[in-house]
Amino acid sequence: MKREVLIALFAAITLAISIWGYQFISGKNLFSGDHNFYAYYDNVKDVNTATPVLINGYEVGTVIDITPDPENVKRIRIDFTVKRKIKLPQYTIAQLTPESPLGGKVIELKCDKMCDGSNCAKNKSELKGEAVGMLGAFVDDEELETTVEAVSTIIDSTLGKLGEESSKDAID
């Protein structure tokens, strides 16, 4: 009888460790006490559980679950954790950005400062989700606008000279 009790106890402990190990490998740590947040996106290609969540390149959490919104299946809900010591303001934006030109995505949390207590996002609350394309991830809007204006001016100048009789390079 004593031997059967030991075997049952060993089986129960092994089962508990296996469940915890599976959860840990999938990016969920049952003993961490991290804060959970979620955001909605239209396209979550290249995102999976354990995708990193970053603030300015520093990893502060991981994606723990990806599910379609039951009311609108074109929107996908991504649940992610953030370390307990990181206090996010309610207006934080969770940007889904390409990790590199070769593929993969990360969630980059955008906020100007940590919250001071009165405006903190609550655990299990929704953050605004935005998706950034490949070009937007590597070039900021101001730089892109300046480049487009310069190229546009050059093209207008070149096309304006074509067909003029006084031009050396006139095409007739």
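It should be emphasised that the depicted structure is a prediction, and the values quoted were computed from it without experimental measurement. (Residues numbered from 1 in each chain as written. Predicted model: local features only at pLDDT ≥ 70, side-chain atom pairs only at ≥ 80, totals over all residues. Heavy atoms only, no water.)

**Student:** Go over the overall build of the protein, please, and point to the residues and values.
**Tutor:** Helix and strand content of the protein: three helices and eight strands. Listed N to C, the secondary structure of the protein is α-β-β-β-β-β-β-β-β-α-α in terms of helices and strands. Here the analysis covers contacts within the protein between residues at least 6 apart in sequence; of these, 62% occur between residues at least 24 apart. On the protein, roughly 12,200 Å² of surface is accessible, and the fraction owed to carbon and sulfur atoms is 58%. (Helix = DSSP H or I, 4+ residues; strand = E, 2+ residues; numbered from the N terminus. Contact = heavy atoms within 4.5 Å. Areas by Shrake-Rupley, 256 points an atom, 1.4 Å probe, with all protein chains shown as cover.)

**Student:** Give me the pairing of strand β5 (residues 93-98): which residues, what numbers.
**Tutor:** In terms of burial, β5 is largely enclosed, as five of its six residues are buried. Across six bridges, β5 lies against strand β6 (residues 105-110) in antiparallel orientation. When the bridges of β6 are listed, Leu96 appears paired with Ile107. The pairing of β5 with strand β8 (residues 128-131) spans four bridges and is parallel. Paired with Ile93 across the two strands is Lys128, which belongs to β8. (Buried < 20%, exposed > 50% of the residue type's maximum accessible area, 1.4 Å probe, protein only. Pairing = 2+ DSSP bridges.)

**Student:** Hey, could you go over the sheet that holds β5 for me, with residue numbers and the actual values?
**Tutor:** An order of β7-β1-β4-β3-β2-β6-β5-β8 is seen for the eight strands of this open sheet, with the pairing classed as mixed. In this open sheet, the two strands that pair with only one neighbour each are β7 (125-126) and β8.

**Student:** Can you break down the confidence of the model for the protein residue by residue, with the values?
**Tutor:** Predicted confidence across the protein gives a mean pLDDT of 82, with 83% of residues reaching 70 or more. Least confident of the elements in the protein is helix α2 (residues 134-138), whose mean pLDDT is 59; most confident is strand β2 (residues 52-55), at 94. (pLDDT = per-residue confidence, 0-100.)

**Student:** If you had to explain the state of the cysteines to someone new, which residues and values would you point to?
**Tutor:** What the rule picks out here adds up to one disulfide. Through a disulfide, Cys115 is tied to Cys120; the S-S separation comes to 1.8 Å. Of note, the bridge from Cys115 to Cys120 carries an S-S torsion of about 85° and is right-handed in sense. Free of any disulfide, Cys111 has its nearest cysteine sulfur in Cys115, 8.7 Å distant. The partly exposed category is assigned to Cys111, whose relative accessible area is 25%. (Disulfide = S-S within 2.5 Å.)

**Student:** How would you sum up the pattern of salt bridges? Please name residues and give values.
**Tutor:** Taken as a whole, this structure holds three salt bridges when the rule is applied. Measuring nitrogen to oxygen at the nearest pair gives 3.5 Å for the salt bridge that ties Arg75 to Asp69. For Asp69, a relative accessible area of 8% translates into the label buried. Where Asp79 meets Arg77, a salt bridge forms, and the shortest distance between an N and an O atom there is 3.0 Å. (Salt bridge = Lys/Arg side-chain N within 4 Å of Asp/Glu carboxyl O.)

**Student:** Provide a residue-level description of the packing of aromatic side chains, including the pertinent values.
**Tutor:** Applying the stated criterion across every chain, the model contains two aromatic pairs. Note on Phe37 and Phe80: the rings are 6.4 Å apart at their centroids and 40° apart in plane angle, and the pair reads as tilted. Placement of the pair is Phe37 in strand β1 (residues 35-41) and Phe80 in strand β4 (residues 72-82), with a sequence separation of 43 residues. Phe37 gets classed as buried once you look at its relative accessible area, which sits at 2%. With a relative accessible area of 0%, Phe80 lands in the buried category. Taking 5.8 Å as the distance between ring centres and 85° as the angle between the ring planes, the aromatic pair formed by Tyr38 and Tyr40 counts as edge-to-face. Judged on exposure class, the residue Tyr38 and its partner Tyr40 are both buried. Geometry around Tyr40 places Arg75 over its ring, the cationic atom sitting 3.9 Å from the centre. Stacked on the ring of Tyr38, the Lys or Arg Arg77 has its end atom at 3.7 Å from the ring centre. (Phe/Tyr/Trp six-rings, centres within 6.5 Å; stacked < 30°, edge-to-face > 60°. Lys NZ or Arg CZ within 6 Å of the ring centre and 35° of its normal.)

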